[in-house]
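# Breakdown of the fold
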Amino acid sequence: MAAVLATATTGHKSIRMTVPSAKQTRWSPIRRCVYRPEASPLFHGAVASNRADWQSACAILSSKAAIVSWRHRQRPQHHDAGGDAGDHLGPVVNDHDSSSAATAGLDLVPVQLPQPLTVADLSPAPKHGFQLRVAYQGVPGAYSEAAATKAYPNCEPIPCDQFEVAFQAVEFWVADRAVLPVENSLGGSIHRNYDLLLRHRVHIVGEVQLPVHLCLLALPGVRKEELTRVISHPQALSQCEHTLTALGLNVARDAFDDTAGAAEYVVANGLQDTAAIASARAAELYGLEVLADGIQDDQGNMTRFVMLAREPIVPRADRPFKTSIVFVARHREGTSVLSKVLLAFAIRDIGLTKIESRPHRQRPIRKEDEAGSSGGGVAGTAKHFEYAFYVDFQASLAEPRAQNALAEVQEFTSFLRVLGSYPMDMTPI
């Protein structure tokens, strides 16, 4: 990915920032200056404590430099030879004169950068999702898009072709939020997204549950008897397996990236013998005909989505909250750690809503020496899978009982990460 890399040093720390190139953004390129304070007394000993402080300092520096530059252009360009030297002043940055004498130690290097994000872009997101950019996997008409608009009304949905692209869109500031599925009442967990939650530095800030109403779509004029193939997302295919058989459709069932994408593919290729399983909105968007409505095997079909952001929200105790964590047991604990986790939450009356295990990618196998049946020696080496456990529990991190439970869990885990503490979805279905 082409980008401009700027390194800024404050005191003894360096911060490296990668800025997308102008081709990757809709911003027009303008000229800016990268300030290098290592030779300047203005920032001597100053160290940005975090990214927000550094961004604020850069914003102040840029704004003052821009104002003084404008004032400088308004000043007369011609001065008498005997005029006061103070009549011709260079720009003043942070209340310091930057004339040739004063800028001997101030290194301003002009570079070509895209127009930076405004202060509003760096501020906390507006309430109710107003003008938020929300990434989702799929194309317009996908159920993930419906979940994104339900979670953040009036948002700007950003379609992504893969789940990982949606994660990266949030990390790289292309999107403010992402809404991605993690489990379905019929198909179970979406394991890919659980793995990506561990790989990417994003935080769960909310959840939304969406009823899934599936339809069988085909080109106008096509009858069910003419179909030889049905395409859709693997989850959608599994959720309609029995209904398709009951409809007498002895057809091939091929997996596609997403439901709405399958509908778009049928239209784009003019497939007369192929139907797609997707939403009624996808039929409207792509001009397909609904051959069968509500073909999911269970009419109570629900999908749970999580809302992701770059920064966590502040947990509260005045409304129902849910907290999601992931942990790996210490080597000597093995899988028995799960019973200890259950006990840590049970004695504090904290309910668990989900337990999911995934093989640990970096250390998938755990070896143990096992004694023989008589206990008189080592009979061999047993190999066990090493797991990462995902747990959701009904409590806020603002509650002392949740804090104490996590402190106890941490004692017998080699890795523990809080994925997010967020409000539970209490909206009516």
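Residue positions within a chain follow its written sequence, with the count starting from 1. Owing to the predicted nature of the model, reporting of local features is limited to residues with pLDDT of at least 70; listing and counting of side-chain atom pairs is limited to 80 or more, with chain, interface and lining totals taken over all residues. Water and hydrogen atoms play no part in the side-chain values, which are based on all heavy atoms of the structure.

### Some points on the confidence of the model for the chain
A residue's pLDDT is the confidence the predictor assigns to it, expressed on a 0 to 100 scale. Per-residue pLDDT for the chain has a mean of 76; in total, 63% of the residues score no lower than 70. Residues are treated as being in contact if the distance between any of their heavy atoms lies within 4.5 Å. Contacts of residues 1–49 to residues separated by more than four positions or lying in other chains number 94 contacts, the stretch itself having pLDDT below 50. Confidence drops under pLDDT 50 across residues 78–126; counting only partners more than four residues distant or on other chains, this segment forms 82 contacts.

### Regarding the pattern of salt bridges
Opposite charge on two side chains permits pairing when their charged atoms draw close. Salt bridges are defined as contacts in which a side-chain nitrogen from Lys or Arg sits within 4 Å of a carboxyl oxygen from Asp or Glu. Summed over all chains, the structure comprises 17 salt bridges. The residue R229 makes a salt bridge to D254 at a minimum N-O spacing of 3.3 Å. Placement of R229 in strand β13 (residues 229–232) and of D254 in strand β14 (residues 252–255) is noted, with a sequence separation of 25 residues between them. Working definition: with a 1.4 Å probe on protein chains only, accessible area under 20% of the residue-type maximum means buried, over 50% means exposed, and in between means partly exposed. For R229, a relative accessible area of 22% puts it in the partly exposed group. On the basis of relative accessibility, which here comes to 30%, the residue D254 falls in the partly exposed class. By the criteria applied, helices consist of DSSP H or I runs no shorter than four residues and strands consist of E runs no shorter than two, each listed in order from the N terminus.

### Looking at the packing of helix α4 (residues 163–171) against helix α5 (residues 191–199)
Interaxial angles span 0 to 180 degrees and are taken between N-to-C directions of axes, which are lines fitted to C-alpha atoms, for helices over the stretch in contact. The contact between α4 and α5 brings their axes to 10 Å, and the two run at 30 degrees. As summarised for this structure, α4 and α5 are arranged roughly parallel, according to the angle between their axes. Crossing of α4 over α5 shows right-handed handedness. Here α4 contributes F163, E164 and F167 to the contact with α5, which in turn contributes R192, N193, L196, L197 and R199. Note that the term roughly parallel is reserved for angles under 35 degrees, roughly antiparallel for angles over 145, roughly perpendicular for angles of 65 to 115, and oblique for everything else. By the definition used in this description, the sense in which the near helix is turned from the far one sets the handedness, with an anticlockwise turn below a right angle giving left-handed and a clockwise turn giving right-handed.

### Here's the deal with the environment of V134
Position of V134 relative to the elements: it lies in strand β7 (residues 133–137). Between the C-alpha atom of V134 and that of D176, which follows or precedes it by 42 residues, the distance is 6.0 Å. Excluding anything up to four places from it in sequence, V134 contacts A148, Y152, C155, E156, P157, I158, R177, A178 and V179.

### Describing empty space enclosed by the protein
Buried and open spaces are told apart on a 1 Å grid over the protein atoms alone, a cavity being a set of points where a 1.4 Å probe fits but cannot get out and a pocket being an open set with protein on both sides within 12 Å along at least five of seven lines. Residues with an atom within 4 Å of a point are the lining residues. Grid points are joined across faces, edges and corners, and a volume is the space filled by probe spheres set on the points. Within the structure shown, the criterion is met by two cavities of 30 Å³ or more. Counting residues per element, the lining of the largest cavity draws most heavily on strand β22 (residues 387–393), at three residues. Along the lines of polarity and charge, the residues of the lining of the largest cavity split into 10 nonpolar, one polar and three charged. Gly is placed with the polar residues, together with every amino acid not listed as nonpolar (Ala, Val, Leu, Ile, Met, Phe, Trp, Tyr, Cys and Pro) or charged (Asp, Glu, Lys and Arg).

### A closer look at helix α8 (residues 259–269)
Residues T259, A260, G261, A262, A263 and V266 constitute the buried set of α8. Against α3 (143–151), β12 (215–218), β13, α6 (234–239), β15 (274–278) and α9 (280–286) lie the buried residues of α8. Side-chain atoms alone can form a polar contact between residues adjacent in sequence; in general such a contact is a pair of N or O atoms within 3.5 Å, and within protein one must be able to donate a hydrogen while the other accepts it. Backbone nitrogen of A260 and a side-chain oxygen of the N-cap are separated by 3.3 Å at the start of α8; the cap is D258.

### Some points on the sheet that holds strand β19 (residues 352–359)
Within a beta sheet, neighbouring strands are joined by backbone hydrogen bonds and run either parallel or antiparallel to one another. An order of β19-β22-β18-β23 is seen for the four strands of this open sheet, with the pairing classed as antiparallel. Looking at which strands have only one partner, the edges of the open sheet turn out to be β19 and β23 (413–423). Looking at each pair of strands side by side, their axes are set apart by 15 degrees on average, direction ignored. For two strands to count as paired, DSSP must find a minimum of two bridges between them. Sheet topology note: the strand β18 (residues 321–329)/β23 ladder contains nine bridges and is antiparallel. Bridge pairing in β23 links K322 to Y422. Across the sheet, helix α11 (residues 400–411) is in contact with β18, β22 and β23; its angle to β23 comes to roughly 160 degrees.

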